[in-house]
Amino acid sequence: MTDTLPTVSRRGLMLVMSSPSGAGKTTISRALLERDPAIGMSVSATTRAPRPGEVDGKDYHFVTVEKFHEMVEQREFLEHARVFDNFYGTPRGPVDAILRSGRDVLFDIDWQGTQQMAQNARADLVSVFVLPPSVEELERRLRGRAQDSDEVVKKRMSKAGDEMSHWPEYDYIVVNVDLDKSIAAVQAILAAERLKRDRLVGLPDFVTRLRGEE
Ligand code: 5GP
């Protein structure tokens, strides 16, 4: 009787996406979230000022430096780092809640955060590094965004090289030439990772029962 078969479920995974600013990671993340209800986004806390259009609690939790340090002391972060001139951190509670609800969590964090996460949750971490197709395109995208001052754009361009040097620490590399193809690539990564044997729970019982009923 198939209705008495034990079920196979899976542990939620943590999908980390990193890239230099302007490579397209945020756009890819948004598309994944819209298309796949089984993914929840980790909303980071940051001390940087909101950009036009950014919503507190949705894009980031915008906090003061004092509040940020308090959260660090209270061990509220899964990881935290200084990026450019601001602090960023991943609140622990919402991530646990999403995983407990059987969904996957998507993180938009830098290489420092990814390293910290890798130390704590290696088996459930899947990391993707998004690269721009060229330096010119990276600069064009940063300027096109027109939300940051010239000075900030210059600073981010000069940091991009440093950030990109961390690509060997990631499981997957997506060169973002075409947005739709990049989204499809990350969806494919997710689809395959969800089927990894080690992530499946209840498989031995399931197969034993299947074999017994052959
Ligand atoms: P932005 O200020 O452009 O939103 O983000 C700047 C950088 O900080 C990006 O590379 C982004 O991935 C990273 N970042 C955002 N949130 C976090 C976080 O919670 N932890 C870490 N380590 N990096 C983050």
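Whatever comes next refers back to the structure up there.
Notes on the structure in this doc start here.

Scoring rules and cut-offs
Residue indices follow the written sequence of each chain, beginning from 1 at its first position. Only residues with pLDDT of 70 or above have their local features reported here, since the model is predicted, and side-chain atom pairs are shown and tallied only from 80 upward, although totals for entire chains, interfaces and linings are computed over all residues. Excluded from the side-chain calculation are hydrogens and water; included are all heavy atoms of the structure. Comment: elements are numbered from the N terminus, with helices defined as DSSP H or I runs of at least four residues and strands as E runs of at least two. Here, expected helix span is obtained from the residue count minus one, scaled by 1.5 Å. Note on exposure labels: buried denotes an accessible area under 20% of the residue type's maximum, exposed denotes more than 50%, and partly exposed covers the range between, all computed with a 1.4 Å probe on protein chains only. The arc refers to the directions leading from the helix axis to the C-beta atoms. Whenever two N or O atoms come within 3.5 Å, that pair is a polar contact, provided that in protein one can donate a hydrogen and the other can accept it, and provided that, for residues adjacent in sequence, both atoms are side-chain atoms. At least two bridges found by DSSP between two strands are what make those strands a pair. Between rings of Phe, Tyr and Trp, where Trp is taken as its six-membered ring, a pair exists when centres lie within 6.5 Å; planes separated by under 30 degrees are stacked, by over 60 edge-to-face, and by other angles tilted.

**Focus: helix α7 (residues 179-194)**
Working step 1: Here α7 is 16 residues long and its end C-alpha atoms lie 23 Å apart, about the 22 Å a rise of 1.5 Å per residue gives.
Working step 2: For α7, every residue scored as buried is listed here: Ser182, Ile183, Val186, Ile189, Leu190, Glu193 and Arg194. The buried residues of α7 all sit within an arc of 130 degrees when viewed along its axis, so they share a single face. Those residues of α7 that are exposed and aimed more than 90 degrees away from the buried face are Asp180 and Lys181.
Working step 3: The opening residue of α7 is Asp178, an N-cap whose side-chain oxygen sits 3.1 Å from the backbone nitrogen of Asp180.

**Some thoughts on the pairing of strand β8 (residues 104-108)**
Working step 1: The buried count for β8 comes to five of five residues, which makes it a mostly enclosed element.
Working step 2: Bridge count for strand β2 (residues 14-18) against β8 is four bridges, and the pairing is parallel. Looking at β8, one finds that Val16 is bridged to Phe107.
Working step 3: In this sheet, β8 lies alongside strand β3 (residues 39-41) in parallel orientation, the contact comprising three bridges. Following the sheet pairing, Gly40 is matched in β8 by Val105.

**Comments concerning the packing of aromatic side chains**
Working step 1: Under the definition given, this model contains five aromatic pairs.
Working step 2: With 5.5 Å between their ring centres and 25 degrees between their planes, Phe68 and Phe87 make a pair best called stacked. Taken together, the residues Phe68 in helix α2 (residues 65-73) and Phe87 in strand β7 (residues 86-91) connect sequence positions 19 residues apart.
Working step 3: Take Phe68: its relative accessible area is 1%, and that puts it in the buried class.
Working step 4: Clustering of aromatic rings is evident, with ring pairs tying together Tyr60, Phe62 and Tyr88.

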